[in-house]
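Secondary and tertiary structure notes
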Amino acid sequence: MLKLKPQFDLHRDVVCDILRKEASVCRVKEYSGAVDARILNIEKDGGILYSWKGATGTTRIGKYDSNTKQNKLLYTFDEQVCVSSCSLNKEETLLAVSLAQNTSKEAHLKPISKCLTLLIEIYPINNTKVLKAVDCRVKVQFLHSEPDRRSVLESHLLLLTEDGYVDLYHVLLTRQEGYRVVMANPERLSKTVERIVEDLCWVQWDGHTQRLYYLTHKDKFLLRCVQFYPNRNCETMLELPLELPANPFRTVKFVNLGFDHYHIESPEKEFVRMEVFTNRIERSMCVCYSQPLNDKQELIYSVVLVHKDCSKTFRVTLGSDESPQKAMHLHPLFIPIGYYIVVYLQGYFLHCINTRQQEMLCHSLFLSGYDVDLGLQSQSVNITVLHAEEESSTALLDLAGGKIHTAELSPAYLLQILRSDTPSKCPSSKADPQRLAALHCLLVYMGNDPNLELKIIEWLCDNVNTFESFDQIQEFILASLYRISYKQVLSMDKVLPYSSVFDKKEVPTCLSEVPGVLCTTEMHTEFVFKDKARSLQGFWSELQWNTDRTKYLEAVPNPRYRTSHIQADWDKLRSERRPSSHMNHMEENTKKVLSMVDTWCLDKKLVPLFQEEDRQQRVLIGLTVDKLREHLNRHVPRLGKKKIDSLVVSYVAKLLELIRHMLESVWLKYKLGPRVLCLTQQGSPAEWSVFHFMFRILEATRGLCLPLPPGYHTLLAVFAVRCLPRHTFLQYIDHGFLQLTETFVSRLMTDLDNSDANEKLKFSILKRLPEPMEQRIYHMWDHPVSSASISRDYVKTLLEKRNKNKGFAFTSRDKPGFRPEFLPLTYLAKMLSDIEEQALNPFEEQENVDARFVEETALKQTLILLGFEEK
């Protein structure tokens, strides 16, 4: 599931270097003593602090620079000591350490108390100051915020104690002899301390954002966040109530505050595991915590989505394979990767939670069974998640093995889920949610990779039939457009469609439920920004805006645009024949879209699209632009009309371009050439596959009421007439699956000869054309029937003109002798009848003109002139 990349190996990068240096000091070829190197802390710049026992038996502290790949000795103690916490300031002039009680009798530097906290000048080595001597554990952490040019030279140090309080030391520094940086007035250091937190039971440090999260309890559990600034100020930004069991922590729990090798908590003492993750790009904040198993052998874990103003609690049934004593202390591992939170319990399940589209379970991937493996060589209980500055990947530390790996979601694993007939050995209906979640992860989260997109299109082409619960082509179109639009403007995530599931009248049960997983959602997390809400900046300002917008959109009906809602307007416009101001407005929208597509496709002419007029699709393109613009103006007016107009035109243009890209990919897959456009040859199996894929695209877009590129229907009809039997081809037309465009029919009339089979096909198509198009097509077909039709139209026009000029009124009355099938004779007989009526003398009896005889005589003469009969 995860793609792991080695980043650091304690033995390779540190121990081997130490052995070489120790051998040089001892003047031996190879040093054989024990080094016992241990990772102590990882600073904001990626520097890894570690300790080891040198050749003289003393404890030393060093730093591995992850950028230069070099090791540096920071400090050497006089004796062997137990370093339980360590931190280095940004300038690398001060080292803060906490020393645990050393039980060795020969230890000279033995703390009287359980823990001794020191502040040491290391560049140059000059002075050591005792900060704390207490009977509880103490964690140390320097702040690494970007310095203010106007600020004086100083360092800021956090001391976090097991007694539940946090102190902030402001250490003033001074330069001596131009380069020596030492503490100014170290004797006054105790007077610079500031108590910033009291009565905490859990605390987490985020070095990259310089934030401190802590949990306190009075009437209820409250999670608070303290933000540290470069100007030495700090303030509490957030307060969030949490529902936790009573006494969740036996002792204060420290998260991301270094590694204490002399105090390792056993899993039996960890009732609740909790972590906070933020994402600067997503403007999101998630609080994750798990609770111990209950009597039903259910693991309970919750994810509070602060940016979505909701909380989700999951109950996963583990089964009864584990002994109750062992299972009671199982806790999952929370791994943030992008906007996903991976919840992993080794040997049981993996839940990849989508924190951007959290509405339905089917957009989060859940896998279970013993075969679920992250690819980690160590037990998950020994894995620590390191908060990385890059949100797309996360660093995982195997403390026992001394290795750090960067972890990313594996596209190969997700593709395997798509391609598998039955992922995780489950039936098709149960496998659909896994496919859907994997497809969305590939398209939205990883979709910027063109090679990966091509593999997905190939998978679509190989699996054209829809799955039981969702249409994969519809999902591909909407998810891809969502990714492109979200990349342009982040505020589009709540108003643009990303899945066709929401367009279903009834969501299939398999998409709304996951077997063995019960999910409950609570809206309104009741978090509050503390007093400084009006002056929020940076991440906090964006988080507040994100949450406020979420609350607004949750309160209004149908905030997410649904493409199928324009079906009624589309049916109405399709029936309009005469131009109107509204139709002209639609055409202007279409011109904007097609002009943008033309700009993008100047060098892409593999598939013959965008090369003809297609009135219906042009109207649908304009209507889509109009309705989407109206929706965005209603729900995100803050963007402004000009920006919204640009986004909408780009969205529809990208839709057309996406469909063209799908066809081009399949065109290349089957190596099709220009010959496929020839109507005189029968289609090959490859062309049949392309036709089937194109037909599925047509079904998918019709289901969503989305436009197709002009020329698509012509191309589909060309493939249909090459691949389908003639009677099946005509049935496709009669049932509305194929649309007869003027371009296609004109090519059919001219490219096919007038053999009996082809004539039959042409006549069948002519019968199915609307009258205006039929008259135009007759001019392109060299055939006696077309000539006769042209003659009828010509005579009709002349006679109508003559009637108008001579004052003959043509009425609609039918007489027994009229044959409206042949208009020249009908008009001739009508004229004779009218002349007869005008010539009658009421006072003189005359025999009427036999109109039937005149009609038959005229028909006989016409057949002789055309060469069909002889005199």
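Criteria and thresholds
Residues numbered from 1 in each chain as written. Predicted model: local features only at pLDDT ≥ 70, side-chain atom pairs only at ≥ 80, totals over all residues. Heavy atoms only, no water. Core = buried A, V, L, I, M, F, W, Y, C linked by side-chain atoms within 4.5 Å. Buried < 20%, exposed > 50% of the residue type's maximum accessible area, 1.4 Å probe, protein only. Helix = DSSP H or I, 4+ residues; strand = E, 2+ residues; numbered from the N terminus. Contact = heavy atoms within 4.5 Å. Pairing = 2+ DSSP bridges. pLDDT = per-residue confidence, 0-100. Axes fitted to C-alpha atoms, helices over the stretch in contact; angles between N-to-C directions.

In terms of nonpolar packing, the biggest core is built from 142 residues, with Leu409, Tyr712, Phe729 and Phe744 touching the most fellow members. Looking at which element gives the most residues to this core, the answer is helix H12 (residues 641-669), with 15 residues. Setting aside anything within four residues of it in sequence, one finds Tyr712 in contact with Leu609, Ile659, Leu663, Met694, Phe695, Ile697 and Leu698. Judged by nonpolar contacts, the second largest core, of 28 residues, contains Leu240, Val255, Val306 and Phe527.

Next up on the list: the pairing of strand S11 (residues 154-161). Taking burial as the measure, the eight residues of S11 include eight buried ones, the bulk of the element. Burial along S11 is two-sided: the residues Glu154, His156, Leu158 and Leu160 and Ser155, Leu157, Leu159 and Thr161 are all buried. In this sheet, S11 lies alongside strand S10 (residues 138-142) in antiparallel orientation, the contact comprising five bridges. Across the sheet, residue Lys139 finds its bridge partner in S11, namely Leu160.

Before going further, it helps to spend a moment on the confidence of the model for the protein chain. Residues shown with low pLDDT carry predicted positions that ought not to be read at fine detail. Per-chain confidence: the protein chain averages 83 in pLDDT, with 83% of residues scoring 70 or above. Within the protein chain, the element-level pLDDT minimum falls on helix H2 (residues 324-327), averaging 50, and the maximum on S10, averaging 95. Confidence over residues 840-847 falls short of pLDDT 50; this stretch has one contact with residues more than four positions distant or in other chains.

Time to look at the sheet that holds strand S31 (residues 517-523). Across the sheet, five strands lie side by side as S20-S21-S22-S23-S31; this open sheet has antiparallel pairing. The outermost strands of the open sheet, each flanked by one partner alone, are strand S20 (273-279) and S31. Ignoring strand direction, the axes of neighbouring strands in this sheet form an average angle of 15 degrees. Both strand S21 (residues 284-291) and strand S22 (residues 298-305) contribute to a ladder of six bridges, which runs antiparallel. Bridging across to S22, Cys288 finds its partner in Val303. Lying on the sheet, helix H8 (residues 538-555) is in contact with S20, S21 and S31; it crosses S21 at an angle near 80 degrees.

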